[in-house]
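# Close look at the chain arrangement
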Amino acid sequence: MAPSVQQLEEDIQTVLPTKIAALGKDSQEAPKETPRVKRQIEVEGGTTTASYPQYLPTWNHGQKYPPLEPFEYVDPASRADPALKDLLPGGSKIQYLTPAIGAEVHGVQLSKLTAAGKDQLALLVAQRKVVAFRDQDFADLPFSEALEFGSHFGRHHIHPTSGSPEGHPEFHIVHRLSEPGKSDFDHFLAGRNSSVSWHSDVTYEKQPPGITFLYIFDGPEVGGDTLFASQAEAYNRLSESLKERLHGLSAIHSGFEQAEFSRSRDGVVRREPVKNEHPLVRTHPVTGEKAIYVNTGFTRSIVGLKKEESDALLQFLFTHITRGIDFQARVRWQPKTVVVWDNRTTVHSATQDWTTGERRHLARITPQAEVPFETPYVKKEIEVKP
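In short, a report on the structure. Note that the structure is a prediction, hence the values are computed from the model and not measured.

## Observations regarding the overall build of the chain
What the chain contains, in helices and strands, is eight helices and 17 strands. Restricting the contact set of the chain to residue pairs at least 6 apart, pairs at least 24 apart contribute 81%. Carbon and sulfur atoms make up 53% of the accessible area of the chain, which amounts to about 17,900 Å² in all.

Pasting the structure below:
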């Protein structure tokens, strides 16, 4: 399987293992090895033009974690006052990006939100699917404060293969810096017509992410936007007959290919890969909206269907989502932007469209949410006008 854009690491050198000297002249202990660590800072010769070097990615082969345990999740949006007064006070401004999905907010500082404001943030994002907040100080927060903020929305997910700041595996780092034509991504794109790779993050987990945060440090002057599509509106556009048929079906989501891709490039695998089965139509626990829950990054097959049947139905759904420009939004990154989206009802894709070699560097905080569930199909009543 071709890797998703987010799975592509930079061309970086490997720090070879170093042997630890024996404790004594007659020691019989076997020499120990320190874990191999890949560091972006070393690729750049120990100095960097990155605006936030503390967030540069590292890949530590010594980081190993056990399988994820289930946990009880309560969506903070379920506690929110729908008036959103603690989130959008007087003087703030919200502008919708499209009728179906997206909003941009000015005049709100996320880091200063109260607990009530954070609950209302979860509700707004559940309603609008993706919200861009401008002029934020989030990148300047200490690691501990950024993680404390994120923990309000669920348990932090540690990505099994991506780069992270040294000592802080809870952050997923998105980073690209290379001379034009010489990066792994350029080699990957050589066999493709487009960089678009629609996905929802780590849907192979038993409890995939819900409210998710991505904030920027550096980006190209033009390019590198992120696209979002509403899986809820994609569901709404289907015929009632197809909606009814999709209910009761489930699909396999797999992280094995991602782990194998990382291993094949001598990358890290912090936790052994898993597969999980999720409903094809997922219900949001707060809004009650139904959403198609498949993506090209991790959905492999539909349970109970033969391969040809499964492939054909999944391809229809993938194509339906990618062609739905009237339920998509494009977020253009600006300095000090934080983008918040609901991974349960959206898919997204980076656009790797700049060829100037400029650095694109962001960090993601990825709180996990509930086990995906579905509610019964309810036929939409069509109003007949006299």
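## Thoughts on unusual backbone geometry
The phi dihedral of K129 is positive, around 80 degrees, even though this residue is not glycine. Position of K129 among the secondary structure elements: in the loop between helix 2 (115-128) and strand 5 (130-133). Classification of K129 as buried rests on a relative accessible area of 2%. At V202, a position not held by glycine, the phi torsion is positive, near 40 degrees. You can see V202 is positioned in the loop between helix 4 (184-189) and strand 7 (211-218). V202 gets classed as buried once you look at its relative accessible area, which sits at 1%.

## Points about the packing of aromatic side chains
Working definition: an aromatic ring pair is given by the centre-to-centre distance plus the angle between the planes. What the rule picks out here adds up to 15 aromatic pairs. Relative to F171, the ring of Y55 lies with its centre 5.5 Å away and its plane at 90 degrees, an arrangement referred to as edge-to-face. Note that Y55 is positioned in the loop between helix 1 (40-43) and strand 2 (58-60) and F171 in strand 6 (residues 171-176), a separation of 116 residues in sequence. Side by side, Y55 and F171 carry an identical accessibility label, which is buried. Ring centres of F149 and F213 lie 5.5 Å apart, and the angle between their planes is 80 degrees; this geometry places the pair in the edge-to-face category. Note that F149 is positioned in helix 3 (residues 143-151) and F213 in strand 7, a separation of 64 residues in sequence. Taking relative accessible area as the criterion, F149 reaches 4% and is therefore assigned buried. The cationic tip of R176 hangs over the ring face of W354; the distance from NZ or CZ to the ring centre is 4.4 Å. One cation-aromatic arrangement involves R282 over Y293; the distance from NZ or CZ to the ring centre is 4.7 Å.

## What to know about the pairing of strand 6
For strand 6, a buried count of six out of six residues is recorded, marking the element as mostly surrounded by other parts of the structure. Burial along strand 6 is two-sided: the residues F171, I173 and H175 and H172, V174 and R176 are all buried. Two elements, strand 6 and strand 17 (residues 360-365), share six bridges in a ladder whose sense is antiparallel. The residue of strand 17 that forms the bridge with H175 is H361.

## What to know about the sheet that holds strand 13 (residues 299-302)
Within the open sheet, the three strands sit side by side as 10-9-13. Their pairing is antiparallel. Among the strands making up the open sheet, the edge pair consists of strand 10 (275-279) and strand 13. Taking the axes of each pair of neighbouring strands and ignoring which way they run, one obtains an average angle of 30 degrees across the sheet. As paired strands, strand 9 (residues 250-254) and strand 13 are joined by three bridges and run antiparallel to one another. Paired with I252 across the two strands is S301, which belongs to strand 13.

So, how was this worked out
- Residues numbered from 1 in each chain as written.
- Predicted model: local features only at pLDDT ≥ 70, side-chain atom pairs only at ≥ 80, totals over all residues.
- Heavy atoms only, no water.
- Helix = DSSP H or I, 4+ residues; strand = E, 2+ residues; numbered from the N terminus.
- Contact = heavy atoms within 4.5 Å.
- Areas by Shrake-Rupley, 256 points an atom, 1.4 Å probe, with all protein chains shown as cover.
- Buried < 20%, exposed > 50% of the residue type's maximum accessible area, 1.4 Å probe, protein only.
- Phe/Tyr/Trp six-rings, centres within 6.5 Å; stacked < 30°, edge-to-face > 60°.
- Lys NZ or Arg CZ within 6 Å of the ring centre and 35° of its normal.
- Pairing = 2+ DSSP bridges.
- Axes fitted to C-alpha atoms, helices over the stretch in contact; angles between N-to-C directions.

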